[in-house]
Amino acid sequence: GDDNSGRKVITFSCCRMPPSHQLNHTRLLEYLKYTLDQYVENDYTVVYFHYGLKSLNKPSLKWLQTAYKEFDRKYASKVFGLIFLYSILPCRKFKSLLTISFSFPRYKKNLKALYVVHPTNFIKILWNIFKPLISHKFGKKITYLNYISDLREHLKYDQLNIPQEVIRHDENLRRKQKGKLPPVVKVPPPRPPLPTQQFGVSLQYIKDKNKGELIPPVMKETVSYLKIKGLQVEGLFRRSASIQTIKDVQKLYNQGKSVNFDDYHDIHIPAVILKTFLRELPQPLLTFECYDHILGITSVESSLRVTRSKQIIQGLPEHNYVVLKYLICFLHMVSQESIYNRMTASSLACVFGLNLIWPSKGTASLSALVPLNLFTELLIDFYVNIFHSRTVPGE
């Protein structure tokens, strides 16, 4: 899933760790690297579920040393490694790793938030002990959450694949709190959308409220601005922006007020707004109906994938097709400037894949990311070939 700023979320559940003697630790390390490789070039968030870590499934010190050396400057901050290590090692062994861990030089980190769910008192005590050794900037990224529901403020936790053991543990903790569950808070019914609403409503709704215009105003304005001022910005669409600023801009759009991105002095704000708009559509731009067809793209012979991609999008409703063509045309332009912005079609696909398509129930599995991103990359790379044969209104 994504957090409230559109950053990818990686979860680590300790209860899923099998007994150490049954685990192939070499394969585990390869899997961790494979998973992180898909996200660490962009801003990302980690959710760490501590419950379930026992002496039986704690990795050996030797493996932890190997793993820590493998997660070099490309991966998350060394502090994340420290938190993981001191959460599963006795103090004596943890101290023996301090010299190793703090020998790494400082480097730019794309880990933007770390949520530790169900932390033990031991973790909190050690954090206070080593806090003076950790930069204040990184310390602000770490948040302790006593209950799963506390994640609601930061991300859509119902999108996460949380193990049942963790859920039951969470329920037990709540029962123990004052001997009963906290009172149920009544949630007011959702308000009807404003006539000027842009986020969280369908393309048809926006069209009907904007004199039949097919391209939503928020898309037109963000794309137009980025075409002029953002095409050569390094890391465009990779970086996050202030959560509060994004909420303020969304509010302005939803109220039908004008937005001048020059006022914010941050080129990444319109980029995040564009991704947020796509992600908050009630139905993905590529539609739920196309999901299974897109998953099958990897089973198509390489030489026929562009043709197959073209066939899939030909089946889109006209409105979705028009908006998709407008977006992909722009992303193709961005990829053409990759020598400056470092955003190739592949990089853009990793960012936009799950903002264009997701399953109707649950979230996309890790295995689904490969075909979803490949399909998006084909659309961007072969934009002219894929979109040239179908005309759209206004062309």
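Look up: the structure comes first, before these words.
Note that this is a predicted model, so its numbers are computed, not measured.

Engineer: How would you summarise the overall build of the chain if you had to cite specific residues and measurements?
Structural biologist: Scanning the chain for helices and strands turns up 18 helices and 4 strands. A burial count over the chain gives 49% of its 395 residues as buried. Summarising the internal contacts of the chain: among those between residues at least 6 apart in sequence, 80% fall at separations of at least 24. About 20,400 Å² of surface is accessible on the chain, with carbon and sulfur atoms providing 53% of the total.

Engineer: Account for the sheet that holds strand β3 (residues 111-117), with residues named and values stated.
Structural biologist: Strand order in the open sheet formed by 4 strands is β1-β2-β3-β4, with parallel pairing between adjacent strands. Each edge of the sheet is formed by a strand with only one pairing partner; in this case those strands are β1 (8-13) and β4 (142-145). Direction aside, the axes of adjacent strands within the sheet are offset by 20° on average. With 6 bridges joining them, strand β2 (residues 44-49) and β3 adopt parallel strand pairing. Within β3, the residue paired with Tyr48 across the bridge is Val116.

Engineer: An account of helix α13 (residues 305-314) is requested, with residue identities and associated values reported.
Structural biologist: Burial in α13 covers these residues: Arg305, Ser309, Ile312 and Ile313. Around the axis of α13, the buried residues are gathered within 90° of arc, so they sit on the same side. Looking at the buried side of α13, the elements it contacts are α12 (291-295), α14 (318-336), α17 (366-381) and α18 (383-387).

Engineer: Before we move on, could you go through the pattern of salt bridges and cite the residues and values that matter?
Structural biologist: One pass over the full model with this rule turns up 3 salt bridges. Lys220 is the partner of Glu213 in a salt bridge, and the nearest nitrogen-oxygen pair spans 3.4 Å. Residue Glu213 is classed as partly exposed on the basis of its relative accessible area, which comes to 42%. Given a relative accessible area of 34%, Lys220 falls into the partly exposed group.

Engineer: Pulling in residues and values, what's your account of the nonpolar core?
Structural biologist: With 64 residues, the main nonpolar core has Phe237 and Ile313 as its most contacted residues. Per-element tally for this core: the top contributor is α14, with 9 residues. For Phe237, the contacting residues outside a window of four places in its chain are Leu226, Ala271, Leu274, Lys275, Phe330, Leu331, Val334, Leu348, Val351 and Phe352. Core analysis: the next-biggest nonpolar cluster, separate from the first, contains 14 residues, Val47, Tyr115, Ile148 and Val166 among them.

Engineer: So what's going on with unusual backbone geometry? Residues and values would help.
Structural biologist: Even without being glycine, His265 reaches a positive phi, approximately 55°. The exposure class assigned to His265 is exposed, which follows from its relative accessible area of 73%. Here Thr287, not a glycine, exhibits a phi torsion of approximately 70°, which is positive. Summarising the element assignment, Thr287 is placed in the loop between α11 (268-279) and α12. Residue class for Thr287 comes out buried when judged on its relative accessible area of 6%.

Engineer: How would you explain α14 if you had to name every residue and give the values?
Structural biologist: Between its terminal C-alpha atoms α14 stretches 27 Å, which fits the 27 Å expected from 19 residues at 1.5 Å a residue. Across the 19 residues that make up α14, a large majority, 14, are buried.

Engineer: Kindly report on the packing of aromatic side chains, identifying the contributing residues and their values.
Structural biologist: In this description, an aromatic ring pair is defined by two values, namely the gap between the centres and the angle between the planes. All told, the structure shown has 8 aromatic pairs when counted by the stated rule. Measuring from ring centre to ring centre gives 6.1 Å for Phe12 and Tyr48, while their planes differ by 25°; the resulting arrangement is stacked. Separated by 36 residues along the polypeptide, Phe12 in strand β1 and Tyr48 in strand β2 bring together distant segments of the chain. You'll find Phe12 and Tyr48 in the same group, each marked buried. Put simply, the rings of Phe199, Tyr253 and Phe277 pair up and form one aromatic cluster. For the cation-ring pair, Arg174 lies above Tyr147, with the distance from its terminal atom to the ring centre recorded as 4.2 Å.

Engineer: Please give an account of the side chain of Gln250 that cites residues and values.
Structural biologist: Inspection of the secondary structure assignment puts Gln250 in helix α10 (residues 243-254). The exposure class assigned to Gln250 is buried, which follows from its relative accessible area of 11%. At a separation of 3.3 Å, a polar atom in the side chain of Gln250 contacts the side chain of Glu280. The residues touching Gln250, leaving out its near neighbours within four places in the chain, are Phe199, Ile273, Thr276 and Glu280.

Engineer: Explain the pairing of β2 to me, using residue names and the numbers behind them.
Structural biologist: Across the 6 residues that make up β2, a large majority, 6, are buried. Where burial is concerned, the two faces of β2 agree: the one with Tyr44, Val46 and Tyr48 and the one with Thr45, Val47 and Phe49 are both buried. Direction of pairing for β1 relative to β2: parallel, over a ladder of 6 bridges. Bridge pairing in β2 links Lys8 to Tyr44.

Engineer: Account for the packing of α14 against helix α16 (residues 345-356), naming residues and giving values.
Structural biologist: Interhelical geometry of α14 versus α16 gives an angle of 155° and a closest axis separation of 10 Å. For the element pair α14 / α16, the angle class is roughly antiparallel. Here α14 and α16 pass one another in a crossing that is right-handed. Between α14, through Leu327, Ile328, Leu331, Val334 and Ser335, and α16, the contact on the second element is made entirely by Ala345, Leu348, Phe352 and Leu356. Among the residues making up the contact of α14 with α16, the classes are represented as 8 nonpolar, 1 polar and no charged.

Rules used throughout
- Residues numbered from 1 in each chain as written.
- Predicted model: local features only at pLDDT ≥ 70, side-chain atom pairs only at ≥ 80, totals over all residues.
- Heavy atoms only, no water.
- Helix = DSSP H or I, 4+ residues; strand = E, 2+ residues; numbered from the N terminus.
- Buried < 20%, exposed > 50% of the residue type's maximum accessible area, 1.4 Å probe, protein only.
- Contact = heavy atoms within 4.5 Å.
- Areas by Shrake-Rupley, 256 points an atom, 1.4 Å probe, with all protein chains shown as cover.
- Pairing = 2+ DSSP bridges.
- Axes fitted to C-alpha atoms, helices over the stretch in contact; angles between N-to-C directions.
- Arc of directions from axis to C-beta.
- Salt bridge = Lys/Arg side-chain N within 4 Å of Asp/Glu carboxyl O.
- Core = buried A, V, L, I, M, F, W, Y, C linked by side-chain atoms within 4.5 Å.
- Expected span 1.5 Å × (residues − 1).
- Phe/Tyr/Trp six-rings, centres within 6.5 Å; stacked < 30°, edge-to-face > 60°.
- Lys NZ or Arg CZ within 6 Å of the ring centre and 35° of its normal.
- Polar contact = N/O pair within 3.5 Å; in protein donor to acceptor, adjacent residues only side chain to side chain.
- Parallel < 35°, antiparallel > 145°, perpendicular 65-115°, else oblique.
- Left-handed = near helix turned anticlockwise from the far one by under 90°.
- Nonpolar A, V, L, I, M, F, W, Y, C, P; charged D, E, K, R; others polar.

Everything listed is a geometric property; what it means functionally is a separate question.
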